[in-house]
Amino acid sequence: MQPQPGTAERMALTCSGNQAAADARKNGIDRASAHFNAALAFNLLADQAAASLACDTPGGCTRFALDHIERSFIHQEALLPATNAAASGADQRFDIRRRLVHAAALKASSEVPAAACGTAEACLIAANEALGSYNWEALAASEDQGVSALACRGLNLRSQVNFLRGPAQEPLEMADLRQIVQRCPDFSAAAVKRLAGIAFRRAEQLHASMLNAGGSPPGKAEAISLGTSAVSSYTDALPSDELKLLAYRNMGLVHLKLAELDRPSASSHFEAAAEAFNAAQALSQTAGGADHAGDLERLGTSYLSLINARDNLTPLEEETLINSAVRALETAIAQAPAYQGWLKLGEAYARAGRAKDAEAAYRAALALGGADKGEQASLSLARLLENAGKPGDALAILEPLYASGQPGPDLEYEVGRLRFTQKDYAGALDALTRAAARLQSPRDAEAHYMAGISESILRRPGWQSRMLAHADTAAQSNSFAPKYIRLDCLAHILNGGKEVRTASSLQRCPAGSAPERSLLRGMYFLKQAHLMDVSAYNAASQDYWRSVLRLAEDSFRAGQEAAKTQPGAATRIWFDDLQREVNVADMLASGLTVISRCRREVTIPPESSTWAGLDAFFGHYGVLKCSAP
């Protein structure tokens, strides 16, 4: 007998009445069955949560159900087999049904204040125990459809109990839900939904941990592991129609973060992100609006990032990705014009070679402004104009924003760099010194380099020490760039002082096979010789001075040999601080002339063109004197 919503009240009253469960004249089997049916009916009344003649409240109905099912066990205890394993046939099915009703009543009791079974946790533990030691998984696979159906109800009830017991029981709950999906068609849809919900909740927790939401930052390896696990859990949540859109969207966001953390695999992460956002935008298309536009914007951005990350792109593949990005971003703008959408559309147009469309997109972004007050749009537009051969126009775009408040380091750097290219060295120095400490490599080195060059050109009071500080920092940030090494060596030569006299800064002018390095090293030794106090009455000082000049001579001659033996060696080099090209071979020869003059082997009249040529280079760096006065 199975109660129905319309007959549950009548069944509860009848089965618990004097002619059924309460009839002492009936035998144990009949009374056990009556108590069981009454419990079934009271359980249904509790689920309906409506007052009735049988019980006033859901809690009261639950207490009656629990009381009747316990009485059912008492009346039939002596007649049933001692163990579940011995029970068979009708007896087994009846025992299973009664255990299901008992467990359901205990589960409902967990929500009743002052329940007879104790605390909520105690009631739920008792509910699990009431289900007995049956192998519900095996019974669900039984060819006996009646037994299989009852076992499916048992698996479903046990999964609900374990859900109510909290996260610690989640593995047990999930094991039952997976069995339900595999064995129990009637409960499968709900089980799939609950499994997806668990997976989504777990994915959200992993995603938050990966992003350091409210905790200590995870290491890179740990963050990558968390992100990978989050993607797997979001994938498990996809069977739920309600969660599918959010799962795809957040899966794409995780892949974007993984691309940032796991650079060697960035290409595959951007590709996966594009697939996830494409699925998300297809699902959000019906509703449209800002959410759909956001999915499209992220899709277009992923395509653009994939171009940067993927190696060996064929022209056709690149064109396909660019066109896909343009279509996605144009559709996003049509749905909901937004600052970031216009910004990314401008980038896509620029990649497609559509400079006018890109400029229009960047200006549209500027008109909207953003959280950064249009800084990124201004930088993008300035870059576009500079690439078009209009550095002055590019600077004009950035200057108002630079002067309007507190610009970010990126804007400060670009303003400083453009001013530097426009030979506004004082303005460049102002912007670059503000930005340098806040920049990331490699731009911090370049900012210090340009600042050092500007100090050298302007030569305002105290410039040598400031130039030296910038040059040292640039070289320390990037010790392999020839121009940084050159500036650092020249800054130490110009600054002179004890470090040069004692040669403790000689490593700033490293030796090497390149002619330019030999020139710089020879100039360093010249400066060292020029700083020495040479006395006509001190033979040792004279010998030491001559030895340093020999070091300079050896460096210049080594440079000349290198220029001859290295066909590809650069002998014409642009010196930014001089703002002109230097013929290294000529300067190596001129360095030997300076040494000959210091040794008084030749005389060079100050009014001669030879002196003018030497003064323009060696005099500029303060190495034309022969020794300290």
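Residues numbered from 1 in each chain as written. Predicted model: local features only at pLDDT ≥ 70, side-chain atom pairs only at ≥ 80, totals over all residues. Heavy atoms only, no water.

Q: Which residues make up unusual backbone geometry, and what values do they have?
A: Cis geometry marks the peptide bond from Ser 441 to Pro 442; its omega dihedral reads 5°. Here Pro 442 is to be found in the loop between helix 20 (425-435) and helix 21 (443-458). One non-glycine residue with positive phi stands out, namely Lys 373, at about 60°. Looking at where Lys 373 falls in the secondary structure, it is placed in the loop between helix 16 (355-368) and helix 17 (375-387). Its identity is not glycine, yet Arg 459 carries a phi of approximately 50°, on the positive side. Checked against the element boundaries, Arg 459 lands in the loop between helix 21 and helix 22 (463-477). Relative accessible area serves as the criterion here: at 31%, Arg 459 is assigned to the partly exposed category. (Helix = DSSP H or I, 4+ residues; strand = E, 2+ residues; numbered from the N terminus. Buried < 20%, exposed > 50% of the residue type's maximum accessible area, 1.4 Å probe, protein only.)

Q: Quick rundown of the side chain of Ser 518? Include the residues and the values.
A: Tracing the chain through its elements places Ser 518 in helix 25 (residues 515-530). For Ser 518, a relative accessible area of 8% puts it in the buried group. Contact partners of Ser 518, with chain neighbours within four places excluded, come to Gly 512, Ser 555, Phe 556, Ala 558, Gly 559 and Leu 588. (Contact = heavy atoms within 4.5 Å.)

Q: Summarise the confidence of the model for the protein; cite the residues concerned and give the values.
A: Regions with low pLDDT carry predicted coordinates that are not meant to be interpreted in detail. With 96% of its residues at a pLDDT of 70 or more, the protein shows a mean pLDDT of 90. Across the protein, the element-wise mean pLDDT spans from 79 in helix 3 (residues 58-76) up to 97 in helix 12 (residues 266-284). Contacts from residues 81-87, a stretch scored under 50 in pLDDT, to residues over four places away or in other chains number 9 contacts. (pLDDT = per-residue confidence, 0-100.)

Q: Please set out the pattern of salt bridges residue by residue, giving values where relevant.
A: The final tally for this structure, using the stated rule, is 34 salt bridges. A salt bridge links Glu 121 to Arg 165; the shortest N-O distance between them is 3.1 Å. You can see Glu 121 sitting in helix 5 (residues 120-130) and its partner Arg 165 sitting in helix 7 (residues 145-165), a full 44 residues away along the chain. The shortest N-O distance in the salt bridge between Lys 344 and Glu 347 comes to 3.3 Å. Remark: Glu 347 and Lys 344 occur in helix 15 (residues 339-351); sequence separation between them is 3 residues, near one turn of the helix. (Salt bridge = Lys/Arg side-chain N within 4 Å of Asp/Glu carboxyl O.)

Q: Please give an account of the nonpolar core that cites residues and values.
A: Counting 64 residues, the largest nonpolar core has Met 523, Leu 526, Phe 556, Phe 617 and Phe 618 as the members making the most contacts within it. Formed by 47 residues, the second largest nonpolar core is a distinct cluster that contains Cys 15, Leu 40, Leu 124 and Cys 184. (Core = buried A, V, L, I, M, F, W, Y, C linked by side-chain atoms within 4.5 Å.)

Q: Could you give me a rundown of the pairing of strand 2 (residues 580-583), with the residues and numbers involved?
A: One ladder, built from 4 bridges, connects strand 1 (residues 572-575) with strand 2; its direction is antiparallel. When the sheet's bridge partners are listed, Trp 574 is paired in strand 2 with Glu 581. Taking the residues between adjacent antiparallel strands as the criterion, strand 1 and strand 2 are bridged by 4 residues, where Gln 579 takes a positive phi near 55°. (Pairing = 2+ DSSP bridges.)

Q: Which residues make up helix 22, and what are the values?
A: Look at helix 22: 21 Å from first C-alpha to last across 15 residues, which is about the 21 Å you get at 1.5 Å a residue. Buried residues of helix 22: Trp 463, Met 467, Leu 468, His 470, Ala 471, Asp 472, Ala 474 and Ala 475, and no others. (Expected span 1.5 Å × (residues − 1).)

Q: Before we move on, could you go through the state of the cysteines and cite the residues and values that matter?
A: Tallied over the entire structure, the rule returns 5 disulfides. Each disulfide pairs two cysteine sulfurs, and for Cys 152 the partner residue is Cys 184, the sulfurs being separated by 2.0 Å. Measuring handedness by torsion sign, the sulfur bridge of Cys 152 and Cys 184 sits at about -85° and is left-handed. Taken together, the residues Cys 152 in helix 7 and Cys 184 in the loop between helix 8 (170-183) and helix 9 (185-210) connect sequence positions 32 residues apart. Judged by its relative accessible area of 5%, Cys 152 is buried. A relative accessible area of 2% places Cys 184 in the buried class. The disulfide partner of Cys 489 is Cys 509, and the S-S distance across this bridge is 1.8 Å. Taking the sign of the torsion about the S-S bond as the criterion, the disulfide between Cys 489 and Cys 509, at about 100°, is right-handed. Placement of Cys 489 in helix 23 (residues 482-495) and of Cys 509 in the loop between helix 24 (498-501) and helix 25 is noted, with a sequence separation of 20 residues between them. Using a relative accessible area of 1% as the deciding quantity, one classes Cys 489 as buried. Given a relative accessible area of 2%, Cys 509 falls into the buried group. (Disulfide = S-S within 2.5 Å.)

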